[in-house]
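# An overview of the molecular structure
Residue strings, one per chain:
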Amino acid sequence: MWQSYLNGMLVAFGLIMAIGAQNAFVLAQSLRREHHLPVAALCIVCDALLVAAGVFGLATVLAHNPTLLAVARWGGALFLIWYGAKALRSACSKQSLQHQEGQGMRSRRAVLLSALAVTLLNPHVYLDTVLLIGSLGAQQTVPGAYVAGAASASLVWFSTLAIGAAWLAPWLARPATWRMLDLMVAVMMFAVAAQLIFN
């Protein structure tokens, strides 16, 4: 059982720590301190559910249904381009973290819907979390322990990212730093969208 748990944790850590659209979104929300803990919790729950779905059968369904993957691919690319353009526009404006806070926070519902979109409209989530992690988990001697290990990795990573970035926010609130972060988020979103379109 413990071997399956450790396998799930190590595989999930290896994939989740790569900077992607979901991590960039959690980082940006945490630096803004804009509902960052609910966003992290949502990402943790989504990852756990997707890994469980992959381990217990969805990986096989997706592998045999290219139409579903194509819909996710193009929908995800469009969303990532839109979100990247929004971050790029923000990077080109004169702003700081305090200035954004003065404009008021978005509602929790709006932020969580954006987090869901970044998570579920990104086909890399299905390729990495469902197909790769899921298909590896299906081969484990104790698949349930593997799912628990992968969920633990997600819990540790997103909690650390959300709490750590929010703690660093006062030191990162300079306008130049914030513009650099927005630019990084924009580049990341455009890069992932380009991968989806051209691969």
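The model shown is predicted, which means the values in this text are computed figures rather than measured ones.

In terms of regular secondary structure, the protein is built from nine helices and zero strands. The secondary structure elements of the protein, listed N-terminal to C-terminal, are α-α-α-α-α-α-α-α-α. Nonlocal contacts in the protein, meaning residues at least 24 apart in sequence, comprise 91% of its contacts between residues at least 6 apart. For the protein, the accessible surface area stands at approximately 10000 Å², while carbon and sulfur atoms represent 72% of it.

Another point: the side chain of Thr119. Tracing the backbone shows Thr119 in helix α6 (residues 108-120). On the basis of relative accessible area, Thr119 is assigned to the buried category, the value being 1%. A distance of 3.0 Å separates a polar atom in the side chain of Thr119 from a polar atom in the side chain of Gln22.

The next thing to look at is the pattern of salt bridges. Counted under the stated rule, the structure contains one salt bridge. Close ionic contact of Glu34 with Arg106 constitutes a salt bridge, the shortest N to O distance being 3.3 Å. Of this pair, Glu34 sits in the loop between α2 (21-32) and α3 (36-63) while Arg106 sits in the loop between α5 (97-102) and α6, and the two are 72 residues apart along the sequence. Of the residues examined, Glu34 reaches a relative accessible area of 6% and is grouped as buried.

This part covers the UniProt feature "transmembrane region" (unreviewed entry) in the protein. Feature annotation in UniProt assigns "transmembrane region" (unreviewed entry) to the following positions: residues 6-27, 39-62, 68-88, 109-126, 146-168 and 180-198. Taken end to end, residues 109-126 is 89% helix and 0% strand, and its first and last C-alpha atoms sit 24 Å apart. Along residues 146-168 one finds 100% helix and 0% strand; the C-alpha atoms at either end are 33 Å apart.

Calculation rules
- Residues numbered from 1 in each chain as written.
- Predicted model: local features only at pLDDT ≥ 70, side-chain atom pairs only at ≥ 80, totals over all residues.
- Heavy atoms only, no water.
- Helix = DSSP H or I, 4+ residues; strand = E, 2+ residues; numbered from the N terminus.
- Contact = heavy atoms within 4.5 Å.
- Areas by Shrake-Rupley, 256 points an atom, 1.4 Å probe, with all protein chains shown as cover.
- Buried < 20%, exposed > 50% of the residue type's maximum accessible area, 1.4 Å probe, protein only.
- Polar contact = N/O pair within 3.5 Å; in protein donor to acceptor, adjacent residues only side chain to side chain.
- Salt bridge = Lys/Arg side-chain N within 4 Å of Asp/Glu carboxyl O.
- UniProt positions renumbered as here; feature names shortened; annotations may be inferred.

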